[in-house]
Every structure is written in C-alpha cells, then in structure tokens.
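# Analysis of the macromolecular model
Residues per chain are reported as follows:
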Amino acid sequence: MSNAAASHANSAIPLDALSQGLLDLLQKHDPATAQIMAREADRQATTLELIASENHVSTAVMHAVGSWMTNKYAEGYPGKRYYGGCAHHDEIENLARDRAKQLFGCNFANVQPHSGANANIAAFMAIMDPGDTVLSLPIKSGGHLSHGLKPNFSGTFYKIAEYGLDPKTELLDYDAIERAAVESKPKVIICGYSAYSRVIDFARFRAIADKVGALLMADIAHIAGLVATGVHPSPFPHAHVVTTTTHKTLRGPRGGLILTNDQDIATKIDRKVFPGSQGGPLMHVIAGKAVAFGEALKPEFTTYSKQVVANAKALAAAMQSHGYRLCTGGTDNHVMLVDLRPRDASLTGADAEKWLEDAGIIVNKNGIPNDPRPPLQTSGLRLGTPALTTRGLREGEMKQVAAWLDRVMISKGDVAVSGAVREEIRAFCAKFPLPH
Ligand SMILES: *Cc1c(COP(=O)(O)O)cnc(C)c1O
C-alpha cells in the first residue's frame, strides 16, 4: 500500500495539518492502523451524523487528547498525588475544574470520571449504600442503563423503583412521579435521560425529593452543553448531585464529570471516584476537557447551542411533514424520537438504521414508549442535531436531511436509491467540513 492509502485521498475534504501529519507518521510506523484510521476519518467527513449522543470535537480538543499528557500516572488529586512529577497535571486538572465550575455555576467539580457511567458509579457510591432504593425512569422509557438496568452495576447493587411517562402525552408526569416517590421512599431520585426531548422541571423534582426525604441526582449527560449555555434550565440549585458526560452536546472528549454545591457530598464524591471506583485519571482526557470547557465558555458556544435546538425543531417539523410521528409531538432540545409506523407500519428502526447507513446517514434505532417491537428491532429512530450543527448546517439544510431520510426509508433499502443518496450526501458534506 502506498502513502496515498492513508492520505485521506478519497475524500473531498482535507484533514487538518496535525491529523494529516499523524496519518503520515502512522503510515510509516504502523500502516495497518493508519489505513483503518484513514477510513474512519473519511467516514466521519463524508456522512451525516445524526446520533444524538455524538459530536465532532475541535481539532484543539482532539489533539490535546492525543498528546504527551497520556504518559503520566496522577492517582489522587491536585496537591495530593501518589506519584512524583505531577506539577503540570495539578495545573491542568485545576484549570479543568475551575472552568467546569464556572460553566455550570457550582462550587465543586470532579473531572476524573472516565465516562458518564463511571461518574454515576461514583455518585451512587457517594450518596447511597448498597441495597438502598433509587427511583428512576427505566431505559425503555428513555432512561439510561446506569440508572437501574438489571445487568448494570446500578440494578445489581441497588433496589430500583421506577417512574414512567404519561402514556398519552409521553411527557414526564410529575404527579405520578410524586406518587411513586411516596410509595417507594427512595434514598435517591434520578432525573436526566438519554431519549427525552422536552424540558426537565428540576425544581419540581426537588420538591418531590424533599417531600420524601430523598436526594436528587440530575444526570445531564445529553443536555450538558444546553445547560452550560442557558438554553436548557440548570439543575442547580435544585439537584444535590449532577453527573454528566463531556462528549455529547458539551462537545468535549469522551469522559465524565460530577458537580455539586454540597461540601460534604463533594468530599465523598472525590473518595468514591478515587480510590473508590477508578485508579489513575486519564490526564490527556482531562487536558481535552479543559480545552472543551474553555471553548464552551465562549459566546460562540451559546450561539452554537441555540442553533442545535433551532435545527432540532426544524428537523422535527420536516419529519412530521413527511408523515412521521414525533414522540411528545416535537422537541425542546437537541434530540427527538421518531415513530416510523404512521409513515409505514412495516418500517422498523433496525431496517431504517441499516438502510440509512448505506446512504451515508448515521442514526440509531430506538424504542418508542410502549414499543411493541423488541429492543433490537424497535419502531423508532432517535435523531439529534449536535454533530450536524457543529458542521454548520442550519434550519434550511434540515429540510434536505429530512427529505433524504424519508427517501431512503420509503424505498425500503432499494440499493439504487441509497447509492444515489450516498453520492448526493458525499457532495453535500464537502460544503460542510469538519472543525479545523
Ligand atoms: C450517555 C449517557 C450516560 C453514559 O455515558 P457513557 O460515557 O457512555 O458511560 C449516562 N447517562 C445518560 C443519561 C446518558 O445519556
């Protein structure tokens, strides 16, 4: 294989200089890896990313993560490490923590969790004992597996009580949640979801928690970027603990974050992240978090977050105009759940996901509330606009995206249609390059 194989030659969109330099280096050092990574760079550049939990980070974030900051063991916290040589790791972790606190308007941040699920493990350990009861929304209604799914740590070590959505409106039914709380007397109530397209009333959740003497945990993994920019209301001052990922709407590196205003809870959280559930922090990822939080503090990121929501509303309206049903009737945030059946009763999420990928549109199948089909089939798709908005698409382009989605789905996987759409999307993507 020649160098050209790794030089991203089949893409109309060039890589940034550092990324191209990396591929050139890898091509000499490890061609097998170089060629796989070049194909993935090309895939990302030439397809439309509609997975609601994904985004395209800036090259600054990306290269901070791919740096010498990976070489250090820094178990412990700034000023209290178990290894020498940590001076600059203390600096970077303090910078990341200070920016996170500023971004979310709170007093304490732990930036070490390796992921959102790891943040939840540490948060659970900090505010509960094994066997205590958690009240949460199950995954089948839009919750996350780390909120109590049986095979997960949460469902294994804690008692799980569930609340649901209103079966008619598919909205959170706060009166029903209050009744479930009174009945189950949980130690902790969790709000914050993976597939809920409407605003969360954190104040109401806190009132329910107070009524039953529970702590309120808000997992804002999906909406963190919207919260940081005021586009979605903040869980502060209502939640006792806030967990999040850093890689969804917040557009940072893959990782987790825990926030609180309570000094006592903060101390416990630090101990439950390390040594409670993790060893050495990923200092290269913490460097990337510092960069991403710095970006999120800039006014451009507020403009971006507003556009994410405007694009989601435009995409939702366009899907409805093609005859699809939107769960809850639409969206207030970056995500929407599309019920495919009103357009064509035989459509499944699994088929649609596969056909759309062939056409260059990346989505995930998702159960809709009370979905009669099993989780690996589903009657729905979850669509999100964070990644497309990063590329610079706006409301007008959302109509085009919806038209492609519909054309591929109603063709039922016709290869002529998906092939034609694939070429249109490749040309379209060249006009909306990834961040440089
Ligand atoms: C994505 C998500 C997580 C977990 O994130 P990972 O980094 O994949 O572990 C946790 N909670 C919610 C609500 C999520 O949507």
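Calculation notes
Residues numbered from 1 in each chain as written. Predicted model: local features only at pLDDT ≥ 70, side-chain atom pairs only at ≥ 80, totals over all residues. Heavy atoms only, no water. Helix = DSSP H or I, 4+ residues; strand = E, 2+ residues; numbered from the N terminus. Buried < 20%, exposed > 50% of the residue type's maximum accessible area, 1.4 Å probe, protein only. Contact = heavy atoms within 4.5 Å. Areas by Shrake-Rupley, 256 points an atom, 1.4 Å probe, with all protein chains shown as cover. Lys, Arg positive; Asp, Glu negative; His and termini not counted. Charge placed at Lys NZ, Arg CZ, Asp CG, Glu CD. Disulfide = S-S within 2.5 Å. Near = heavy atom within 4 Å. Polar contact = N/O pair within 3.5 Å; in protein donor to acceptor, adjacent residues only side chain to side chain. Pairing = 2+ DSSP bridges. Axes fitted to C-alpha atoms, helices over the stretch in contact; angles between N-to-C directions. pLDDT = per-residue confidence, 0-100. Core = buried A, V, L, I, M, F, W, Y, C linked by side-chain atoms within 4.5 Å. Phe/Tyr/Trp six-rings, centres within 6.5 Å; stacked < 30°, edge-to-face > 60°. Parallel < 35°, antiparallel > 145°, perpendicular 65-115°, else oblique. Nonpolar A, V, L, I, M, F, W, Y, C, P; charged D, E, K, R; others polar. 1 Å grid on protein atoms, 1.4 Å probe; cavity = no way out; pocket = protein on both sides within 12 Å on 5 of 7 lines; lining within 4 Å. Points joined across faces, edges and corners; volume = space filled by probe spheres on them.

### Some thoughts on the overall build of the chain
In terms of helices and strands, the chain carries 16 helices and 15 strands. Seen through its principal axes, the chain has C-alpha atoms that stretch 60 × 60 × 40 Å. Counting only residues that meet the buried cut, the chain has 56% of its 436 residues in that class. Here the contacts in the chain between residues at least 6 apart in sequence split such that 72% fall between residues at least 24 apart. Total accessible area computed for the chain in this model is approximately 17700 Å², and 55% of it derives from carbon and sulfur atoms. Here the chain carries 45 positive and 43 negative side-chain charges, and the mean point of each set is 1 Å from the other.

### Topic: the state of the cysteines
Two cysteines, two sulfur atoms, one covalent bond between them: this is a disulfide. With the rule as written, the count across this model stands at zero disulfides. Here Cys191 is not disulfide-linked; the sulfur of Cys106 is the nearest cysteine sulfur, at 15 Å. Note on Cys191: relative accessible area 0%, which makes it buried.

### Some details on the site of the ligand
If you check the shell around the ligand, you find 13 residues, and the closest are Gly116, Ala117, Ser194, Asp219 and Lys248. Here an oxygen atom of the ligand and a side-chain polar atom of Ser194 are 2.8 Å apart. A distance of 2.5 Å separates a nitrogen atom of the ligand from a polar atom in the side chain of Asp219. A total of 390 Å² of accessible area belongs to the ligand in isolation, and the protein chains cover 85% of it.

### With respect to the sheet that holds strand β5 (residues 133–136)
Overall, mixed pairing links the seven strands, which are arranged β4-β10-β9-β8-β7-β5-β6 in an open sheet. Pairing within the sheet leaves two strands with one partner each, and these edge strands are β4 (108–110) and β6 (159–162). Within this sheet the neighbouring strands show an average axis-to-axis angle of 20°, counted without direction. Judged from the three bridges that link them, β4 and strand β10 (residues 256–260) form a sheet pairing that is antiparallel. Across the sheet, the residue bridging to Ala109 is Leu259, located in β10. Each of β5, β6 and β7 (188–191) touches helix α7 (residues 174–184); the most contacted strand, β5, lies at about 170° to it. Lying over the sheet, helix α10 (residues 263–273) contacts β4, β9 (241–245) and β10, oriented at roughly 5° with respect to β4.

### With respect to the confidence of the model for the chain
With 97% of its residues at a pLDDT of 70 or more, the chain shows a mean pLDDT of 96. Note on residues 1–12: pLDDT is under 50 here. Beyond four places in sequence and across chains, it has 26 contacts.

### Points about the nonpolar core
Phe104, Tyr163 and Phe205 are the most contacted members of the largest nonpolar core, which has 56 residues in total. In terms of residue count, helix α11 (residues 283–296) provides more of this core than any other element does, six residues in total. The residues touching Phe205, leaving out its near neighbours within four places in the chain, are Tyr163, Leu172, Tyr174, Ile177, Ile189, Cys191, Tyr193, Ile200 and Leu216.

### Details of the packing of aromatic side chains
Under the definition given, this model contains 11 aromatic pairs. Taken together, a centroid distance of 5.2 Å and an interplanar angle of 40° make the contact between Phe301 and Tyr304 tilted. Highlighted residues: Phe301 and Tyr304, both in helix α12 (residues 299–321), separated by three residues, approximately one helical turn. Here the two residues Phe301 and Tyr304 agree in accessibility, since each one is buried.

### Some words on the packing of helix α2 (residues 31–46) against helix α16 (residues 415–430)
Relative to each other, α2 and α16 sit at 90°, their axes nearing to 8 Å. Of the possible angle classes, the one that applies to α2 and α16 is roughly perpendicular. Side by side, α2 and α16 meet where Asp42, Ala45 and Thr46 of the first sit next to Arg422, Ile425, Arg426 and Cys429 of the second. When the residues that make up the contact of α2 with α16 are grouped by side-chain class, the tally is three nonpolar, one polar and three charged.

### Quick notes on the layout of surface pockets
Taken as a whole, the largest pocket holds about 980 Å³ of empty space. Along its surface, the largest pocket is lined by 34 residues, and Glu40, Gln44, His56, Val57 and Met62 are the ones closest to its centre. Looking at the lining of the largest pocket, the elements with two or more residues in it are α1 (17–29), α2 and α3 (59–65). In terms of residue count, α2 provides more of the lining of the largest pocket than any other element does, six residues in total. Among the residues forming the lining of the largest pocket, the class breakdown is 15 nonpolar, 13 polar and six charged.

### What about unusual backbone geometry?
In this structure, Pro237 follows Phe236 across a cis peptide bond, with omega equal to 10°. Its location among the elements puts Pro237 in the loop between α9 (224–228) and β9. In this structure, the amide linkage connecting Phe274 to the following residue, Pro275, adopts the cis form with an omega of 5°. Structurally, Pro275 can be placed in the loop between α10 and α11. Positive phi, close to 60°, is recorded for Arg251, a residue that is not glycine. Here Arg251 is to be found in the loop between β9 and β10.

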